[in-house]
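Okay, here's what each chain looks like letter by letter:
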Protein chains: 2
Amino acid sequence: MADRDDVLGAAQRLLNADPTASMAAVAEAVGISRATLHRHFDSREALLVELGTRSLDRWEQRLDEAEEQALEAGEDPGRLRAVLEELVLAYVDDSDAFAFALTDHVILANAALVERTQVLADREAALVAAAQEAGVLRRDLPLRWFGHVTYGLLVAAREAVRIGDIAPRDAGRLVLSSLLAGVGAP
Amino acid sequence: MADRDDVLGAAQRLLNADPTASMAAVAEAVGISRATLHRHFDSREALLVELGTRSLDRWEQRLDEAEEQALEAGEDPGRLRAVLEELVLAYVDDSDAFAFALTDHVILANAALVERTQVLADREAALVAAAQEAGVLRRDLPLRWFGHVTYGLLVAAREAVRIGDIAPRDAGRLVLSSLLAGVGAP
DNA sequence: CTCATTTGAGACAACCATGTCTCAACCCCG
DNA sequence: CGGGGTTGAGACATGGTTGTCTCAAATGAG
């Protein structure tokens, strides 16, 4: 008997591979009947919103950890940098599982999720601001730009792994290095 | 009377905003009837494949220009770097128009388009290799990774502009600078 | 002006996904 | 063993999209 979380997990995996998968396909992937799936989630949209919420929960959790460590780090550039690096690596770990939620149009059209996304982006921007002041990040770039670039590199890594251009285990290093130092020769 | 190219252009604009738009919606956006739209394209898939082809045509065109300039540049690092910068800026200009084609699942599932994408990616990789040898790009990164990172930053810029976090006119500079130098403090 | 061509509007069948419902089979807890 | 609860299979109505077709109106070239 599939737990609600099992259902969400399997649905997430399937929808990551094929965002247009029907409820019937989701049910089959989970290993339950369509009727039972509808007993868990009233509608397809309800399922998608739940997946979006799940992704934001994880993001928030990562931010919680990073903020806590940032507090301990104070204004120490080295430690702040380490906090940021750990945060980005955590994102890379999560990106494969949550990529779907970040691009699906049903989810992106949900007002509550969009609003919460903005709140989290702001919290992230605060971390970035601290890092800028400590001299860890460039000061000539807009605060919010850092988050977008990070997201873009997660997209890049996910696709590169999918195609087979890079090994999964290299993704974190490549993202982090390209994010901080760029791909141009020093 | 809408030209076939007008149709493609309008369809591209609409599908960029809403990738799930129906043929009826496309026809309305173009300003023609559904029947006439079907006279241009047998099926929705045919329309999407045409859009994908159009995007790849543009990409190829940009590569043609870059390769020509790279030939003239020889092994001169400064000139090679300028060629790459111009290429990336051209991508930024195109990204808004062609973003849809790069993410749509129907298009990504088309074998011919995927194959052609690989060919173009290889040509791009050759440019990257030359730049690496000239000391313009880092040598410790996989050849194909550069293309992925560039693509990721295009996604980032597009989204940042859409949200309103950066001004459209700043997109090129931000992408180029973040791509080559990263967002970490020097 | 005339006629061939193109277009729009609408009807149409086919298909697919959604959401609801029923009922029989199953499970497991007592 | 018995019964309450859960599940699967399937039927069902509904709505939306696709692709085809017809026919009348509009268009434009000669």
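Look up a bit, the structure's there.
What you see is a predicted model, and the numbers here were worked out from it, not measured in a lab.

Caption draft 1: Region of interest: the protein's contact with DNA strand C. Near DNA strand C, the surroundings consist of 15 residues, among which M23(A), R34(A), R44(A), S33(B) and T36(B) are the closest. Here DNA strand C approaches the protein such that, of its atoms within 4 Å, sugar and phosphate make up 47%. Between DNA strand C and R44(A), the relevant distance is 3.0 Å, taken from a phosphate oxygen to a main-chain nitrogen or oxygen of the residue. The backbone of S33(B) places a nitrogen or oxygen atom 3.0 Å from a phosphate oxygen of DNA strand C. Going through the elements one at a time, α3 (34–40) of chain A together with α3 (34–40) of chain B are the ones with two or more residues in the surface near DNA strand C. Sort the elements by how many residues they give to the surface near DNA strand C and α3(B) lands first, with four residues.

Caption draft 2: A look at the pattern of salt bridges. Counted by the stated rule, this structure contains 32 salt bridges over all chains. The salt bridge partner of R144(A) is D122(A), with a shortest N-O separation of 3.0 Å. One end of the pair, R144(A), is in helix α8 (residues 143–163); the other, D122(A), is in helix α7 (residues 111–133), and 22 residues separate them in sequence. A salt bridge links E50(B) to R4(B), with the shortest nitrogen-to-oxygen separation between them at 3.2 Å. Of this pair, E50(B) sits in helix α4 (residues 44–73) while R4(B) is found in helix α1 (residues 4–17), placing the two residues 46 residues apart along the sequence.

Caption draft 3: Inspection of the interface of chain B and chain A at higher detail. Opposite the 39 residues of chain B that make contact, chain A presents 40 residues. Between chain B and chain A, roughly 3,300 Å² of surface is buried when both sides are summed, and carbon and sulfur atoms account for 65% of that area. Contact with chain A buries area across many residues of chain B, yet R138(B), W145(B) and V183(B) alone supply 22% of it, more than any other trio. At the junction of chain B with chain A, the criterion picks out two salt bridges. Of the charged contacts, one joins D165(B) and R144(A) as a salt bridge, the two residues approaching to 3.2 Å between their closest N and O atoms. The interface formed by chain B and chain A holds 20 residue pairs in polar contact (both at pLDDT 80 or more) in total. Secondary-structure elements contributing two or more residues to the side of chain B that touches chain A are α8 (143–163) and α9 (171–181) of chain B. Of the residues forming the side of chain B that touches chain A, the biggest block, 14 residues, is contributed by α8(B). The class makeup of the residues in the side of chain B that touches chain A is 24 nonpolar, nine polar and six charged.

Parameters and conventions
Sequence order sets the numbering: in each chain, residues are counted from 1 along the sequence as written. Chain letters start at A and ligand numbers start at 1, both assigned in the order the entries are written. Local features in this predicted model are restricted to residues of pLDDT 70 or higher, and side-chain atom pairs are both shown and tallied only at a pLDDT of 80 or more, whereas totals for entire chains, interfaces and linings draw on every residue. Excluded from the side-chain calculation are hydrogens and water; included are all heavy atoms of the structure. One heavy atom within 4 Å of a molecule or strand makes the whole residue count as near it. Between N or O atoms, a polar contact is any pair within 3.5 Å; within protein, one atom must be a potential hydrogen donor and the other a potential acceptor, and residues adjacent in sequence are included only when both atoms are from side chains. What counts as a helix is a DSSP run of H or I of at least four residues, what counts as a strand is a run of E of at least two, and both are numbered from the N terminus. What counts as a salt bridge is simple: a side-chain nitrogen of Lys or Arg found within 4 Å of a carboxyl oxygen of Asp or Glu. Contacts were defined at the residue level, with two residues in contact if any of their heavy atoms lie within 4.5 Å. Defined here as a combined quantity, buried area equals the accessible surface (1.4 Å probe) lost by two parts on assembly, summed across both. Gly is put with the polar residues, along with every residue not named as nonpolar or charged; the nonpolar set is Ala, Val, Leu, Ile, Met, Phe, Trp, Tyr, Cys and Pro, and the charged set is Asp, Glu, Lys and Arg.

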